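Structural characterization, general
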Amino acid sequence: MRNTDRKEKFRQIVENKFQIYNSLFMSLPYDKMSNIGMLLPFLYEESKEGYEAGKTPEDILDSFFANHTHLKTEDEKLELLFKIIQYIERQVVLFDSIEDAAFPSLHSESDAGTVQNIFDRASQQNCLPQVREKLNQFGVKVVFTAHPTQFYPNSVQRILHDLKTQITADSVTQIDLLLQQLGKTPFLNKEKPTPLDEAMSIIYYLRYIYYDTLGELFTEIKSLFKTEGFHLNEDLFQLGFWPGGDRDGNPFVTAEITKKVAEELHVSILKSYYSHLKYVRRRLSFSGVAEILEKLSNKLYDAIFKEECDITSEELITEIDKAEQILILKHKGLFRGLLDNFRDRIRIFGTHFASLDIRQDSRILQKVIDFIISKSDISNGENFTEREKFNYLIEHKPYLNYEKWEDEMAKDTLKTVSQITEIQAKNGERGMNRFIISNAETVQDVMNVLAFFKVCQYKDEVIKIDIIPLFETMEGMGNAESVMAELYENPFYKRHLERRGNQQTIMLGFSDGTKDGGYLKANWEIFTTKERLTKISEKYGIKVIFFDGRGGPPARGGGKTHDFYASQGKTIANNKIELTIQGQTITSVFGNKEQAKFNFEQLLTAGIENDVFENSKKNISENERNLFIQLASLSFEKYSSLKANPLFVPYLQEMSTLEYYAKSNIGSRPTKRGSGSELKFEDLRAIPFVGSWSQLKQNVPGFFGVGTALQNFKNEGKFNDVKALYAGSDFFKALILNSMMSLSKSYFPLTSYMKNDKKYGDFWQILFDEYELSKNLMLELTGFTELMQEEPISKKSVEIREKIVLPLLSIQQYALIKIKKNTENKEAFEKLVMRSLFGNINASRNSA
């Protein structure tokens, strides 16, 4: 479908439907909210015209109250503002549902990046054998995290799902009822969710979205590329899981929670198999086959509900194989495809559903090592170097009774390691086979983890765990090559890698990388780090897999991921595409079967695209590389000067919503690492950092420094060189277009009142000047007349969403101004700020 056709289709089935159903929504009689729908357009107009005229949010709200209400007291005004926020939250859900329902109509099976498209191109270019070979070696792994930007209660999630269904059917009566339900359903968690709550929320998606989506997609690919001797790699699609295992992401995760989440994943996949088998048995009612399947169904039931019973994936497949033999011999193979499909699901999901990863910060792990050394029967241990400490523990394997230790972190770390074999026995080895070290910068960060296993008395051959360093700072990425080279040469680690098939996964952090180095520098540093790690791994005969820690917005590695991966070229190992999917992105990109299928396909075909189809724009020449280095350095210099500004962190603390992320019941984890009262930049988590800029509509991490870098080239008369880079490098083009998305979601008039602030006026001006510079020069670079010109559907979606939340943003800024003035109702205004976070995050869909 051409962009013009798609744009018109979007107008018809999204924009028009939203207008129709929103008018229905506006007339619904909610408790004390009957006139909100009538007042909201006035607040929007006051905001739009007010910001264009240079008014402050306080002026705009005062004008709104004076011109459109008869409210006199501040309490009455606050009550109205809370109800407006509630109303806007529901408008966002309505638009989400309409847009989700329209997805299949706006995308076809043969769109660029689909499996069908790759098949057609491969057929035309006579390279189907190469695609089949790649499919047999390649894989996509999506790892779900539970970072605090996913907070719709389950009741609202279900309404959203049902609304989508009824909007697809154009059932006005049912939509009317669901909107009434939506109006009366609370949007807030009464309490902060626990790590287990967050895990259960995502397990819901595993059961009701990904089980069928991946199973059906696997069958489709197998059928499409079917030929004699072709066997599709059963690890083609894999799911990973962080809720309940990620201690760095959430310090409230304990060994008990990890074990409980592993059990829930195990039981959930068995429930999915049980339900699936019911459907299979309805068709396979034949003598000999029916009895085997009934027996299998009973075994599954017992494994789900009886603690003493269990079943392995091997047992499941053995029974299916038996049934298949009888089906072929006695019943002409009728409905054999149903058994084949069921068996494929078992091969994909095993008895684990998703692999539960363990993750912890390297600094905490080092403290645990230090504590263990202090408890070991060793003299002079406190004087050991870090290297001597892990070497001693690996070599001597001291037996320690850690259950009675006073240090909870050390005790929990060893308890977590000790229970891995138990989890693997129940969920299979794939159920838990990775330990990720955040902020990895040195060899000991990796070796410390092996030391834990030896302290827990694991024999070498029983350590069935991949140890994954996460390099996420500029320093960490700079050290990555030398760290891995030393590890590959370490005799103990080398033997460990041999037992793991000489395969090493290395994680790179886009979120913290961008926070640390700025947008352009971080992305280029990650690219070149991957190149160096590819070379060093090849030198030592190691198959390297890169695991990208990505968030929702471009500032955290989000945006158009297919374009990013398809543009990486031959200098980066392409054995698997592996990335995190976080927060809102779970619901907005993988939230229903159609979207999930499309986006899994996009990731898969990006990997195939890189290896099979020739494209000179994927290869970066030496001249282009030099340009990249200069642009990244100039951008980094500008971003570093901003970071070094003493007002940088205070600005976020005093002028943004940063302090309110921790106070709201969005997620279970704190907004910063460390327990000190002082907020240090290095301890600030990437999500509240990027999210706070998003709430301000400034999106600094997604563009800051790019404009300065481009201007420098223009001043030197070399702007045409950058234009040539944009035209000749898919990777650079993907970065620029993603940065444009950050710019398009920025709206500086909202905060233009800050330029008059005595303390922060000059700082705001620095941000605004770089925004204007970046926007103007990116438009000139691309030849566009407006931002996101090549993506009319995404652009229109952003525009509608920004229009919906503009009154919400006005309310949020109004409340922040009142708080700063230390108003009498400060507590109520703080609640107003916290409540406004939700709707704005949801409307953006990838704001953090």
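Residues numbered from 1 in each chain as written. Predicted model: local features only at pLDDT ≥ 70, side-chain atom pairs only at ≥ 80, totals over all residues. Heavy atoms only, no water.

Glancing now at the overall build of the protein chain. In terms of helices and strands, the protein chain carries 35 helices and nine strands. For 848 residues, the compact-globule formula gives about 29 Å, and the C-alpha radius of gyration of the protein chain, at 28 Å, lands near that figure. The C-alpha extent of the protein chain, read off along each of the three principal axes, is 80 × 70 × 60 Å. The buried share among the 848 residues of the protein chain stands at 61%. Long-range contacts, defined here as pairs at least 24 residues apart, represent 82% of the contacts in the protein chain between residues at least 6 apart. Carbon and sulfur atoms form 48% of the exposed surface of the protein chain, whose accessible area is close to 33,200 Å². A gap of 3 Å separates the mean positions of the 109 positive and 117 negative side-chain charges of the protein chain. (Helix = DSSP H or I, 4+ residues; strand = E, 2+ residues; numbered from the N terminus. Rg over C-alpha atoms; globule rule 2.2 N^0.38 Å. Buried < 20%, exposed > 50% of the residue type's maximum accessible area, 1.4 Å probe, protein only. Contact = heavy atoms within 4.5 Å. Areas by Shrake-Rupley, 256 points an atom, 1.4 Å probe, with all protein chains shown as cover. Lys, Arg positive; Asp, Glu negative; His and termini not counted. Charge placed at Lys NZ, Arg CZ, Asp CG, Glu CD.)

Remark: helix α2 (residues 36–52) packs on helix α4 (residues 74–106), axes separated minimally by 10 Å, with the N-to-C direction vectors making an angle of 90 degrees. It follows that α2 is roughly perpendicular to α4 by the angle criterion. Between α2 and α4, the contacting residues are Ile36, Gly37, Leu39, Leu40 and Leu43 on the first element and Leu80, Lys83, Ile84, Tyr87, Ile88 and Gln91 on the second. Class assignment for the residues of the contact of α2 with α4 results in eight nonpolar, two polar and one charged. (Axes fitted to C-alpha atoms, helices over the stretch in contact; angles between N-to-C directions. Parallel < 35°, antiparallel > 145°, perpendicular 65-115°, else oblique. Nonpolar A, V, L, I, M, F, W, Y, C, P; charged D, E, K, R; others polar.)

Of the volumes computed, that of the second largest pocket is approximately 1,100 Å³. Those elements that provide at least two residues to the lining of the second largest pocket are α1 (3–26), α2, α4, α32 (730–744), α33 (761–782) and α34 (792–820). A total of 11 residues in the lining of the second largest pocket trace back to one element, the largest contributor, which is α34. In terms of residue class, the lining of the second largest pocket is built from 19 nonpolar, seven polar and 12 charged. (1 Å grid on protein atoms, 1.4 Å probe; cavity = no way out; pocket = protein on both sides within 12 Å on 5 of 7 lines; lining within 4 Å. Points joined across faces, edges and corners; volume = space filled by probe spheres on them.)

Turning our attention to unusual backbone geometry. Here the phi dihedral of lysine 332 falls at roughly 60 degrees; this positive angle occurs in a residue that is not glycine. Relative to the helices and strands, lysine 332 resides in the loop between α12 (313–331) and α13 (336–349). Of note in this structure, glutamine 457 is not a glycine but carries a positive phi near 65 degrees. One can find glutamine 457 in the loop between α18 (443–455) and β6 (466–471).

Right, let's talk about the sheet that holds strand β9 (residues 577–581) for a bit. One open sheet accounts for nine strands, arranged β3-β2-β1-β9-β8-β7-β6-β5-β4; its pairing is parallel. The sheet is open, and its two edges are formed by β3 (355–356) and β4 (358–361), each paired on a single side. Across four bridges, the pairing between strand β5 (residues 434–438) and β6 is parallel. Bridge assignment links arginine 434 to a residue of β6, and that residue is aspartate 466. Across the sheet, helix α22 (residues 519–539) touches β7 (503–509) and β8 (543–549), and the angle it forms with β8 is around 160 degrees. (Pairing = 2+ DSSP bridges.)

What follows is about helix α27 (residues 648–655). Within α27 the residues assigned to the buried category are Phe648, Val649, Tyr651, Leu652 and Met655. The buried side chains of α27 occupy one side of the element, clustering within an arc of 165 degrees when seen end-on. Along its buried surface, α27 packs onto α26 (622–644), α28 (658–661), α29 (686–695), α33 and α34. (Arc of directions from axis to C-beta.)

Turning next to helix α20 (residues 491–499). What sets the pattern is the α-helix's 3.6 residues per turn: residues three or four places apart point alike. Considered for burial, the residues of α20 that qualify are Phe492, Tyr493, His496 and Leu497. On an axial view of α20, the arc spanned by its buried residues comes to 135 degrees, and they lie on one face. Of the surrounding elements, those touching the buried residues of α20 are α15 (386–396), α18, β6, α19 (474–489) and β7. Two to three positions downstream of the cap, the backbone nitrogen of phenylalanine 492 sits 3.0 Å from a side-chain oxygen, assigning the N-cap of α20 to asparagine 490. A positive backbone phi angle near 80 degrees is found at glycine 501, which sits one or two residues after α20. (Polar contact = N/O pair within 3.5 Å; in protein donor to acceptor, adjacent residues only side chain to side chain.)

It is worth spelling out the packing of aromatic side chains at this point. What the rule picks out here adds up to 46 aromatic pairs. Measuring from ring centre to ring centre gives 5.3 Å for phenylalanine 349 and phenylalanine 353, while their planes differ by 70 degrees; the resulting arrangement is edge-to-face. Phenylalanine 353 matches phenylalanine 349 in its accessibility class, with the two residues each being buried. Feature note: the residues Phe144, Tyr204, Tyr205, Tyr208, Tyr210, Phe237, Phe590 and Phe600 constitute an aromatic cluster, connected by ring pairs. One cation-aromatic arrangement involves arginine 345 over tyrosine 211; the distance from NZ or CZ to the ring centre is 4.8 Å. Over the ring of phenylalanine 564 we find arginine 550, and its NZ or CZ is 4.1 Å from the ring centre. (Phe/Tyr/Trp six-rings, centres within 6.5 Å; stacked < 30°, edge-to-face > 60°. Lys NZ or Arg CZ within 6 Å of the ring centre and 35° of its normal.)

A word on the pairing of β5. Judged by how many residues are buried, β5 sits mostly within the fold: five of five residues are covered. Pairing of β4 with β5, which is carried by four bridges, proceeds in the parallel orientation. Its bridge partner lying in β5, glutamine 360 is registered against isoleucine 437. With α18 bridging β5 and its parallel neighbour β6, the resulting β-α-β unit is right-handed. (Right-handed = clockwise from strand over helix to strand, strands pointing away.)

Moving on: the pattern of salt bridges. Where charged atoms from two side chains of opposite charge approach closely, those side chains can pair. A complete count under the given rule lists 61 salt bridges for this structure. With a closest N to O distance of 2.7 Å, glutamate 531 and arginine 625 form a salt bridge. With a gap of 94 residues between them, glutamate 531 in helix α22 and arginine 625 in helix α26 connect regions that are remote in the sequence. Residue glutamate 531 shares its accessibility class with arginine 625, and that shared class is buried. Measuring nitrogen to oxygen at the nearest pair gives 3.1 Å for the salt bridge that ties glutamate 654 to lysine 759. Taken together, the positions of glutamate 654 in helix α27 and lysine 759 in the loop between α32 and α33 put the pair 105 residues apart, joining distant regions of the chain. Among the ionic contacts, a cluster of salt bridges with common partners joins Lys222, Asp321, Glu324, Arg336, Asp340, Arg343 and Asp344. (Salt bridge = Lys/Arg side-chain N within 4 Å of Asp/Glu carboxyl O.)

Before going further, it helps to spend a moment on the side chain of threonine 413. Residue position: threonine 413 is located in helix α16 (residues 408–418). When its relative accessible area of 8% is taken as the criterion, threonine 413 is described as buried. Discounting residues that sit within four places of it in the chain, threonine 413 has contacts with Leu365, Val368 and Phe452.

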